Amino acid sequence: MANSCRKLVFNIYIGFYCSAVIMPQKCICPQFTSSPIDEFNKDAEAFPAATNGQIFPWHELRLPTVVIPLHYDLLIHPNLTSLDFVASEKIEVLVRDATQFIVLHSKDLEIINASLQSEEDVRYRKPGERLTVLSYPAHQQIALLVPEKLRADLRYSVAIDFQAKLADGFEGFYKSTYRTLGGEIRTIAVTDFEPTEARMAFPCFDEPLFKANFSIKIRRESRHIALSNMPKVKTIELEGGLLEDHFETTVKMSTYLVAYIVCDFTSVSGTTSSGVKVSIYASPDKWSQTHYALEASLKLLEVYENYFDIHYPLPKLDLIAIPDFASGAMENWGLITCSETSLLFDPRTSSMSDKLWVTKVIAHELAHQWFGNLVTMEWWNDIWLNEGFATYMELISLNITYPELQFDDTFSNTCFEVIKRDSLNSSHPISNQAKTPTQIQEMFDAVSYNKGACILNMLKDFLSEETFRKGIIHYLKKFSYRNAKNDDLWLSLSNNCLESDSTSSGFCYSDSKKTSNTLAFLRENVELKEMMATWTLQKGIPLVVVKREGRSLRLQQERFLSAVSKEDPEWGTLQERYLWHIPVTYSTSSSNVIHRHILKLKTDTLDLSEKTNWVKFNVDTNGYYIVHYEGQGWDKLITLLNQNHTLLRPKDRIGLIHDAFQLVSAGRLTLDKALDLTRYLQHETSIPALLKGLEYLELFYHMVERRNISDVTENLKHHLLQYFKPVIDTQSWVDEGSVWDRMLRSTVLKLACYLNHAPCIQKATELFSQWMESSGKLNIPTDVLKIVYSVGAQTTAGWNYLLEQYELSLSGAEKNKILYALSTSKHQEKLIKLIELGMEGKVIKTQDLAALLFAIARNPKGQQLAWNFVKENWTHLLKKFELGSFPMRTIISGTTSHFSSKDELQEVKLFFESLKAQGSHLDIFQTILEAISKNIKWLEKNLPTLRKWLLISI
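Residues numbered from 1 in each chain as written. Predicted model: local features only at pLDDT ≥ 70, side-chain atom pairs only at ≥ 80, totals over all residues. Heavy atoms only, no water.

(A) Spotlight on the nonpolar core. Among the nonpolar cores identified, the biggest contains 315 residues, and Phe 202, Phe 205, Tyr 260, Phe 308, Phe 617, Trp 733 and Ile 892 are the most heavily contacted of them. Here the element with the most residues in this core is helix α31 (residues 924-953); it accounts for twelve residues. If near-sequence neighbours (up to four positions away) are discounted, Ile 892 is found in contact with Trp 867, Val 870, Trp 874, Phe 911, Phe 912, Ile 924, Phe 925 and Ile 928. (Core = buried A, V, L, I, M, F, W, Y, C linked by side-chain atoms within 4.5 Å. Buried < 20%, exposed > 50% of the residue type's maximum accessible area, 1.4 Å probe, protein only. Helix = DSSP H or I, 4+ residues; strand = E, 2+ residues; numbered from the N terminus. Contact = heavy atoms within 4.5 Å.)

Written as structure tokens, this is what we have:
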């Protein structure tokens, strides 16, 4: 699923996520010491009451494993007029141990009838025995009580008839609407099941370990089409003009990957060289925006087949743009569902950032067809095996298919984003136990996605590309159509010889061909499982402290905490028991060699073979750690940057800027030292490095602006416009140049106009006026479109016209830009109107409410407005979004995490306490409080330094 970490919100990637509560995981094993029925008979009082008052025979959140599903036969008939559905299913199950009940998941479904047939009953067509159905909504479970004990090692068929309303939200089997060019509102029915919502669509064993095959039939009207995971094999005409589509039986897969849709969409199709039919579906008026997605999907699918050495196992792959979708996309096997902005590309209104986002989402979801679908984690505690790998594979696949997008230069931001979260004490391990549906939802965060990807990239760099690739191929082939856990991956990477690589003597022949001795070094000195446990089973990120003593380098590792300084009393306690096996790399002034070492101890010493002027650790920022240079280390590097910055790799320059400002937050480096490091940027030739330095200066500007610290705000504005004037003045207002040329143009001009730089305002106003005069038909360059709209939105006439165009636009990319522009208004009554429209859900869709509140909260005139709205409308928001869902986490973090005063901290703390008292609690609450405390400390400690530095710089 592409969401949590990288949902595009008005071209802002939200990377603020939450941790999951650590809960004991119930063991799922092939053998049991006692059966559930024995446990029930021994201690019936320990079991809960069902809705009818009877004792419910199961008290665990996890399902028992004495009965396992083998095959589901599903028949679904949605009514898009009455907005409900009726359905029936037959589940073939295998009984592993004698039992008198079957427990499975069901949520908000009305069970009409349930019956059971033995294999003999099925063979002789005997009617099924009617079952008693008990419901326990607290665990979203039903129990089917059988008249006679089911016998071990036999198969049975469970038949259930059920019905429900199409859901109002974004989970389960829900309704979605879109507006045609002619103004007609049309309804479609769509599914979204990950992680625990298949149970909202049909009673099932809704846990990833319970893989089965699915045969799906869908009834529909002739004006609609039906889609599912597999190709349609036939259509039967029924009475009353209804049609019934039958789909091929799926491969063995988990319930959360099942998908079916009834809609009236159109498609564009192509076929890969291996014969897989790929189709992109969208509402009819948006068909023209599907072509880039088809091109990208065909390329990426072929790359993955070659890279993994495993053919995509299904005959077809559909990707469909859903008008109402809460996350970026969902990897349903063979039927990938996406938000419209994550799949559709309109050359007239989609910017280079939009194109990069669409390409990344497709790369992510296609990677899931192997990582997640073919091989699935055993339980949600290891969701990073799905999401971390899919995020990492974006890097691999885009470098191969679209080198012109230069995605390799942006990957470090994936790591920098999660470091903000992981350097707080409230972070959580990558592999973190979760039990309840809310806790499971919270696992879909930056730690699972971004940190997972970053440690995989670090491991690839350490093992070598070839060794790493062979290891994951081994992993995928060994666990195909099965479930895996952390240790299975490490074992595959440690012993990655495939049968074809081995000689008769049992040795891996390909190892002798290695040009690098890294793997040999690893086998001699490192136990991979032990090494990687330090990265997946403990939270946080290490800090490597480097102190130069002659030709020796003294290394020390500690836990990096951005919100706690070494002088704070709790610092020592928070350091206890943290130790990583860190594959450090470093380069020196004396050679181009990349030196490698594994830092396993708290302290270690390295000897330099020759005299050197400077040492730079974490080459190309491939490692997931922060580096601090004690003594004169930082001074030497700052001098080097000022004298000849090109002696360091571009990614190393980015890493230095990032680490320096992170160390300021932790109290390990003074702010003036970090700011001095940015002085070289006027000579920087690498646009990513230039943008990284600008990012921190802009961050400080917004922080002091929101606090209304006017003198520092004005001086920092003057510094930015004066120091970056050569860059600003050389920008053109056209779509041309490389990806990074265009990214620079968008970023720099957006900042210049935000700071009221006269030439920028003048040009944007001129373009906006021409656009209005053309009745919205003028094509404004896409890279500056959001800037032009934002300047135009500052007048009442412009704001009203933009809102009109928002309603009319068929481009999701354009609507995002317009909505962002509308949110920048300085008039609170206009911001209030936007929120009201978002709550109503007609003009501004409910799916965009979280992004809207996030944007308004970043507007100094809207920050208090957005926060007050959340406090006053919490109950109403919970009716629109589930508590632990990505939109809800975005809303609560987006409207609070930027606060930086003690009064605001206290206000947020009291609100969270009131929610906890009402039973609404998220782990993200602690993260937000810690982030606000960090902001307060930063200003208290660094504001005088910033003020002084700016006065000197002017």
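(B) Structural view of the pattern of salt bridges. Taken as a whole and judged by the stated rule, the model has 43 salt bridges. The closest approach of N and O atoms between Lys 817 and Asp 354, which form a salt bridge, is 2.4 Å. Separated by 463 residues along the polypeptide, Lys 817 in helix α24 (residues 812-823) and Asp 354 in helix α4 (residues 352-368) bring together distant segments of the chain. Considered together, Lys 817 and Asp 354 belong to a single accessibility category, that of buried residues. When salt bridges that share partners are traced, they join Lys 616, Asp 620, Arg 649 and Asp 652 into one network. (Salt bridge = Lys/Arg side-chain N within 4 Å of Asp/Glu carboxyl O.)

(C) Region of the structure containing the sheet that holds strand β10 (residues 154-165). The strand order across the open sheet built from eight strands is β7-β6-β10-β4-β3-β13-β16-β15, with neighbouring strands paired in mixed fashion. If you trace the sheet from one side to the other, it starts and ends with β7 (129-130) and β15 (232-237), each paired once. (Pairing = 2+ DSSP bridges.)

(D) Fine view of the UniProt feature "domain: ERAP1-like C-terminal" (unreviewed entry) in the chain. As recorded in UniProt, the feature "domain: ERAP1-like C-terminal" (unreviewed entry) lies at residues 614-932. The straight-line gap between the two end C-alpha atoms of residues 614-932 is 37 Å; of that span, 66% is helix and 2% is strand. (UniProt positions renumbered as here; feature names shortened; annotations may be inferred.)

(E) Representation of the side chain of Gln 805. Summarising the element assignment, Gln 805 is placed in helix α23 (residues 796-808). With relative accessibility at 15%, the residue Gln 805 sits in the buried group. Every residue in contact with Gln 805, bar those within four places of it in the chain, is listed here: Trp 771, Gly 776 and Ile 818.

(F) Highlighting the state of the cysteines. Taken as a whole, this structure holds two disulfides when the rule is applied. Note that Cys 415 is cross-linked by a disulfide to Cys 454, the S-S spacing being 2.1 Å. Measuring the twist about the S-S bond at about -110 degrees, one finds the Cys 415-Cys 454 disulfide to be left-handed. Here the residue Cys 415 occupies a position in helix α6 (residues 411-422), and Cys 454 occupies one in helix α8 (residues 446-463), the gap between them amounting to 39 residues. One disulfide in the model links Cys 753 with Cys 760; its S-S distance is 2.0 Å. Taking the torsion about the sulfur-sulfur bond, which here is approximately -100 degrees, the covalent link between Cys 753 and Cys 760 counts as left-handed. (Disulfide = S-S within 2.5 Å.)

(G) Representation of α8 in the model. Counted at 1.5 Å a residue, the expected span for α8 with its 18 residues is 26 Å, and the 24 Å between its end C-alpha atoms agrees. Within α8, 17 of the 18 residues are buried, which leaves it mostly tucked inside the rest of the structure. At the N-terminal boundary of α8, the capping side chain belongs to Asp 445, with an oxygen 3.2 Å from the backbone nitrogen of Val 447. Backbone geometry just downstream of α8 places Ser 464 in the positive-phi region, at approximately 105 degrees. (Expected span 1.5 Å × (residues − 1). Polar contact = N/O pair within 3.5 Å; in protein donor to acceptor, adjacent residues only side chain to side chain.)

(H) The arrangement of the packing of aromatic side chains in detail. Scanning the model with the defined rule gives 47 aromatic pairs in all. Ring plane angle 80 degrees and centroid distance 5.4 Å describe the contact between Tyr 723 and Phe 724, whose orientation is recorded as edge-to-face. What makes Tyr 723 buried here is its relative accessible area of 17%. You can call Phe 724 buried: its relative accessible area is 5%. (Phe/Tyr/Trp six-rings, centres within 6.5 Å; stacked < 30°, edge-to-face > 60°.)

(I) Structural detail: the pairing of strand β20 (residues 316-322). Most of β20 is tucked away: seven of the seven residues are buried. Residues Lys 316, Asp 318, Ile 320 and Ile 322 point to one face of β20 and Leu 317, Leu 319 and Ala 321 to the other, with burial holding for every one of them. Relative to β20, strand β19 (residues 277-282) is paired through five bridges, and the arrangement is parallel. The residue of β20 that forms the bridge with Lys 277 is Lys 316. The parallel pair β19 and β20, bridged by helix α3 (residues 291-308), forms a crossover whose chirality is left-handed. As judged from the five bridges shared by β20 and strand β22 (residues 335-339), these two strands associate in the parallel manner. Its bridge partner being in β22, Asp 318 is matched across the sheet by Leu 335. (Right-handed = clockwise from strand over helix to strand, strands pointing away.)

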